[in-house]
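# Examination of the molecular architecture
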Amino acid sequence: MGFSDKVFKTLYRAGSRLLLGSGDNADWIHEKVQRPGNVLALARNMACYYLQLPLIPEIFNLTIEPVFGCNLRCRYCFCWGESAPELTGLRPDLMPWPLFRKAIDEAPNSLEAVTFVGMGEPLLHPRFSEMADYCADRGLRSIVYTNGTLLTGGVLERLAASRLSVLTVSVEADAEASREFRGVDNAVIRRNLERFIELKRPETEVKLSIVAHEKNADRFENARREWGALVTNVKANPRMGYEGSGSPPVCMEPWRGNVLVLTDGQVSPCCLDCKPDLVIGNLNEQSLGEILQGDAFHELIQRIISGNAPDRCVKCSEFSATGLPRKAPKRKPRRSG
């Protein structure tokens with residue numbers, strides 16, 4: 001790690017403690033924002049959030065939903081879990097290749113990273129490894145979140161040979177919770193991950209994301225010890241849901257420097273916008289630049305800071321526990337109207 005990376009990570013740890021309640025997320029911010037100019041731009045974004053200024057933020061990361069659908073039905077999942085709304089058929093199962101290329105090719109110069117996640121399992125896309133290489137061809141880091149169950153056979157071999165920057169495997173804290181909440185054997189996922197590590201390119205990082213919820217918050221240290229030797233970082237990722245209530249909040253999400261592109265081309269500034277309810281444009285009708293600078297994005301930000309946030313924002317909730325970083329921090333609006 002270079003000197004500048006060490007400095008940036010130190011700054012990110014301080015900022016993460018201030019805004020997210022824990023310094024543990026510093027590495028996860030750093031993987032998306034590393035250019036000196038973007039570090040300053042991220043600080044401006046956060047200042048605009050903190051001061052609730054109606055300024056359109058800089059974008060550093062593009063979240064791509066390559067697949068709408070999942071091979072698991074995790075009990076707590078707000079999209080495909082037991083209490084989730086019926087979403088089947090809401091949009092295409094797979095993002096078309098021309099739409100993916102359009103999103104990447106029209107991204108702003110500030111873009112550094114592309115995160116593949118959304119409301120589905122990215123490895124279900126038959127051209128996912130090509131997507132990672134397409135990002136690399138354009139000088140962008142590619143990050144994927146996967147449940148690890150499909151990391152076998154040809155899928156594993158193609159992904160290991162690709163120029164993927166970061167593989168992040170989402171797991172439960174221990175074998176018992178994995179069987180109960182996901183119906184998955186953690187030992188199988190571990191074997192898949194070990195095989196990937198054997199075959200991957202040296203520059204590809206491997207990380208772990210553990211979903212934190214009411215049933216496993218006391219098991220995190222055991223999980224860190226169990227998986228720590230395999231991966232470079234272990235992240236606690238709070239369970240999200242839509243059980244919230246109260247006054248409309250000012251959520252950090254629009255100022256985080258990220259937008260989400262769904263399989264049908266709809267664009268949202270919220271990576272949790274599954275239905276979606278916060279659409280600011282569609283790539284099939286506009287360029288990404290037009291969307292990012294458009295009236296819909298600006299009007300949404302105005303609504304949020306004025307205390308008139310959409311109902312989806314009001315209901316958005318996350319699990320919290322002592323020492324657990326916040327995923328989507330919220331503040332009370334400074335003004336009303």
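Residues numbered from 1 in each chain as written. Predicted model: local features only at pLDDT ≥ 70, side-chain atom pairs only at ≥ 80, totals over all residues. Heavy atoms only, no water.

This part takes up the nonpolar core. L62, I64, F100, F116, L167 and W255 are the most contacted members of the largest nonpolar core, which has 100 residues in total. Per element, the largest residue contribution to this core is six residues, and it comes from helix α3 (residues 36-51). With sequence-adjacent residues up to four places away left out, F116 is seen in contact with I64, P66, F100, P122, F128, M131, C135, S142, I143, V144 and Y145. Core analysis: the second largest hydrophobic core is formed by five residues, W28, I143, Y145 and V166 among them. (Core = buried A, V, L, I, M, F, W, Y, C linked by side-chain atoms within 4.5 Å. Buried < 20%, exposed > 50% of the residue type's maximum accessible area, 1.4 Å probe, protein only. Helix = DSSP H or I, 4+ residues; strand = E, 2+ residues; numbered from the N terminus. Contact = heavy atoms within 4.5 Å.)

We now examine the pairing of strand β4 (residues 166-171). Burial analysis of β4 places six of its six residues in the buried class, which makes it a mostly covered element. What you see with β4 is no split at all: V166, T168 and S170 on one side and L167, V169 and V171 on the other are buried throughout. Bridge count for strand β3 (residues 141-146) against β4 is four bridges, and the pairing is parallel. Looking at β4, one finds that Y145 is bridged to T168. (Pairing = 2+ DSSP bridges.)

In strand β1 (residues 61-64), alternate side chains face the same way, and those of N61 and T63 on one face and L62 and I64 on the other are all buried. The pairing of β1 with strand β2 (residues 113-116) spans four bridges and is parallel. Directly across from L62, in β2, lies its bridge partner V114. Bridge analysis of β1 against strand β9 (residues 258-261) gives four bridges, and the strand direction is parallel. Paired with L62 across the two strands is V259, which belongs to β9.

Along the polypeptide, R91 turns up in the loop between β1 and α4 (97-105). Reaching out from R91, the side chain makes a polar contact with the side chain of E65 at a distance of 2.9 Å. (Polar contact = N/O pair within 3.5 Å; in protein donor to acceptor, adjacent residues only side chain to side chain.)

What follows is about the sheet that holds β9. Strand order across the open sheet formed by nine strands is β6-β5-β4-β3-β2-β1-β9-β10-β11, with mixed pairing between neighbours. Of all strands in the sheet, those with a lone pairing partner are β6 (233-238) and β11 (281-282), marking the two edges. Taken together, the two bridges between β9 and strand β10 (residues 266-268) define a ladder with antiparallel strand orientation. Residue pairing for β10: L260 is matched across the bridge by S268.

As enumerated under the stated definition, the model contains one cavity of 30 Å³ or more in all. In this structure, the largest cavity spans a volume of roughly 140 Å³. Around the largest cavity sit 15 residues that line it, and C251, E253, C270, L278 and C313 are the ones nearest its centre. Looking at the lining of the largest cavity, the elements with two or more residues in it are α11 (295-305) and α12 (311-315). Counted by class, the lining of the largest cavity contains 12 nonpolar, no polar and three charged residues. (1 Å grid on protein atoms, 1.4 Å probe; cavity = no way out; pocket = protein on both sides within 12 Å on 5 of 7 lines; lining within 4 Å. Points joined across faces, edges and corners; volume = space filled by probe spheres on them. Nonpolar A, V, L, I, M, F, W, Y, C, P; charged D, E, K, R; others polar.)

This part is about the packing of aromatic side chains. Taken as a whole and judged by the stated rule, the model has eight aromatic pairs. Between the aromatic rings of W97 and F100, the centroid separation amounts to 5.3 Å while the plane-to-plane angle is 45°, which identifies the pairing as tilted. Of this pair, W97 and F100 both sit in helix α4, separated by three residues, roughly a single helical turn. This pair shows no difference in class: W97 is buried, exactly as F100 is. Here W97 and Y134 contribute two aromatic rings whose centre-to-centre distance is 5.8 Å and whose plane-to-plane angle is 80°, an arrangement assigned as edge-to-face. Here W97, found in helix α4, pairs with Y134, found in helix α5 (residues 128-137); they are 37 residues apart in sequence, far enough to count as distant. A relative accessible area of 16% places W97 in the buried class. Grouping aromatic residues by their ring pairs yields a cluster made of W97, F100, F116, F128 and Y134. In this arrangement the basic side chain of R127 is found over the ring face of W97, its NZ or CZ atom lying 4.0 Å from the centre. (Phe/Tyr/Trp six-rings, centres within 6.5 Å; stacked < 30°, edge-to-face > 60°. Lys NZ or Arg CZ within 6 Å of the ring centre and 35° of its normal.)

Our focus in this paragraph is the pattern of salt bridges. Applying the stated rule across the entire model yields 18 salt bridges. Where E31 meets K32, a salt bridge forms, and the shortest distance between an N and an O atom there is 3.2 Å. Here E31 and K32 have matching classes, each one buried. Among the salt bridges present, the one from R127 reaches E130, with a minimum N-O distance of 2.9 Å. Residue classification places R127 among the partly exposed residues on the basis of a relative accessible area of 31%. (Salt bridge = Lys/Arg side-chain N within 4 Å of Asp/Glu carboxyl O.)

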